[in-house]
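Listed below, chain by chain, are the residues.
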Amino acid sequence: MDEKSDSTRANRKPAFIWLIPCIVILWLIINSSSSLNSDVFGFLSLIETPEKTVEDFFTAIEAGELLEVEQYLHPSIPLHPVSNNGFIPENASIEILNIESDVSENIAVLNVMVEIYPEPLYEQNPDLVIVELERVDGKWLIYGLE
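Fair warning: this is a prediction, and the values are worked out from it, not measured in the lab.

## Structural notes on helix 3 (residues 50-63)
Here helix 3 contains 14 residues, and its C-alpha end-to-end distance of 20 Å stays within 8% of the 20 Å for a straight helix at 1.5 Å per residue. Where helix 3 terminates, the next one or two residues include Gly 64, which has phi positive at roughly 75°.

In structure tokens, the structure reads:
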């Protein structure tokens, strides 16, 4: 019996030999998509959070991509309040300084401190923007901006 178990052990490969190909495959998957490279760990960008939604929303506004901005808005919010009311000056740069969040299961309220250059008319810089979000079909959507 002792000889049989010794031969079985001799034929088994160490567990780390299987771990190496798994790590290589995971690395290839993560690095194959440029959208995943925006986070330090790549796979974190797949996680839908209210904070990520707000960051992506401000990035789209900064880039002037109004069609992309629309995907972060709740269907009850028309796009024109963001694009036509002078909320963000043309060719502005937006830096999020801080996000404080109060998140429940399907509702989130974020206090977002942003720095906008050039400064918008009638606004202080940095400015506190209160963003209200609702989870709709697993996706966080903005339904209020103050």
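Still more to cover.
## Remarks on the sheet that holds strand 3 (residues 127-136)
Here we have four strands laid out as an open sheet, ordered 1-2-3-4, and antiparallel in their pairing. Every interior strand has two partners, whereas the edge strands, strand 1 (93-103) and strand 4 (139-145), have only one. When the angles between neighbouring strand axes are averaged without regard to direction, this sheet yields 35°. Looking at chain direction, strand 1 and strand 2 (residues 107-117) are connected through 10 bridges and run antiparallel. Bridge pairing in strand 2 places Asp 102 opposite Val 109. Relative to the sheet, helix 3 contacts strand 1, strand 2, strand 3 and strand 4, its axis offset from that of strand 1 by approximately 160°.

## Considerations on the side chain of His 74
Mapped onto the elements, His 74 comes out in the loop between helix 4 (66-70) and helix 5 (80-84). At 2.9 Å, the side chain of His 74 forms a polar contact with the side chain of Ser 76. Discounting residues that sit within four places of it in the chain, His 74 has contacts with Glu 134, Val 136, Leu 141, Ile 142 and Tyr 143.

## Concerning the pattern of salt bridges
Under the defined criterion, the tally for this structure stands at one salt bridge. Of the charged contacts in the structure, one is a salt bridge between Lys 52 and Asp 56, with a shortest N-O distance of 3.0 Å. Residue Lys 52 and its partner Asp 56 are both found in helix 3; the two are separated by four residues, about one turn of the helix.

## Considering the nonpolar core
Counting 20 residues, the largest nonpolar core has Phe 57, Phe 58 and Leu 133 as its most contacted members. Broken down by secondary-structure element, the contributors of at least two residues to this core are helix 3, strand 2, strand 3 and strand 4. Apart from residues lying up to four places away in sequence, Leu 133 is in contact with Pro 50, Thr 53, Val 54, Asn 106, Ile 107, Ala 108, Leu 110, Trp 140, Leu 141, Ile 142 and Tyr 143.

## Examining the confidence of the model for the chain
Predicted coordinates in regions of low pLDDT should not be interpreted in detail. When pLDDT is averaged across the chain, the result is 74; 61% of the residues are at 70 or more. A low-confidence stretch, residues 33-45 (pLDDT under 50), is modelled with 15 contacts involving residues beyond four sequence positions or located in other chains. Considering only residues more than four positions removed or in separate chains, one finds that residues 81-86, a stretch of pLDDT under 50, has nine contacts.

## What about the packing of aromatic side chains?
Here the structure, examined in full by the defined rule, presents one aromatic pair. Their ring planes at 70° and their centres at 5.4 Å tell us that Phe 57 and Phe 58 sit as a pair that is edge-to-face.

## Here we look at the environment of Pro 126
Mapped onto the elements, Pro 126 comes out in the loop between strand 2 and strand 3. Here Pro 126 falls in the partly exposed class, since its relative accessible area comes to 37%. C-alpha of Pro 126 to C-alpha of Ile 116: the two residues are 10 residues apart in sequence and 7.1 Å apart in space. Apart from residues lying up to four places away in sequence, Pro 126 is in contact with Leu 97, Met 113, Val 114 and Glu 115.

Cut-offs used in this document
Residues numbered from 1 in each chain as written. Predicted model: local features only at pLDDT ≥ 70, side-chain atom pairs only at ≥ 80, totals over all residues. Heavy atoms only, no water. Helix = DSSP H or I, 4+ residues; strand = E, 2+ residues; numbered from the N terminus. Expected span 1.5 Å × (residues − 1). Pairing = 2+ DSSP bridges. Axes fitted to C-alpha atoms, helices over the stretch in contact; angles between N-to-C directions. Contact = heavy atoms within 4.5 Å. Polar contact = N/O pair within 3.5 Å; in protein donor to acceptor, adjacent residues only side chain to side chain. Salt bridge = Lys/Arg side-chain N within 4 Å of Asp/Glu carboxyl O. Core = buried A, V, L, I, M, F, W, Y, C linked by side-chain atoms within 4.5 Å. Buried < 20%, exposed > 50% of the residue type's maximum accessible area, 1.4 Å probe, protein only. pLDDT = per-residue confidence, 0-100. Phe/Tyr/Trp six-rings, centres within 6.5 Å; stacked < 30°, edge-to-face > 60°.

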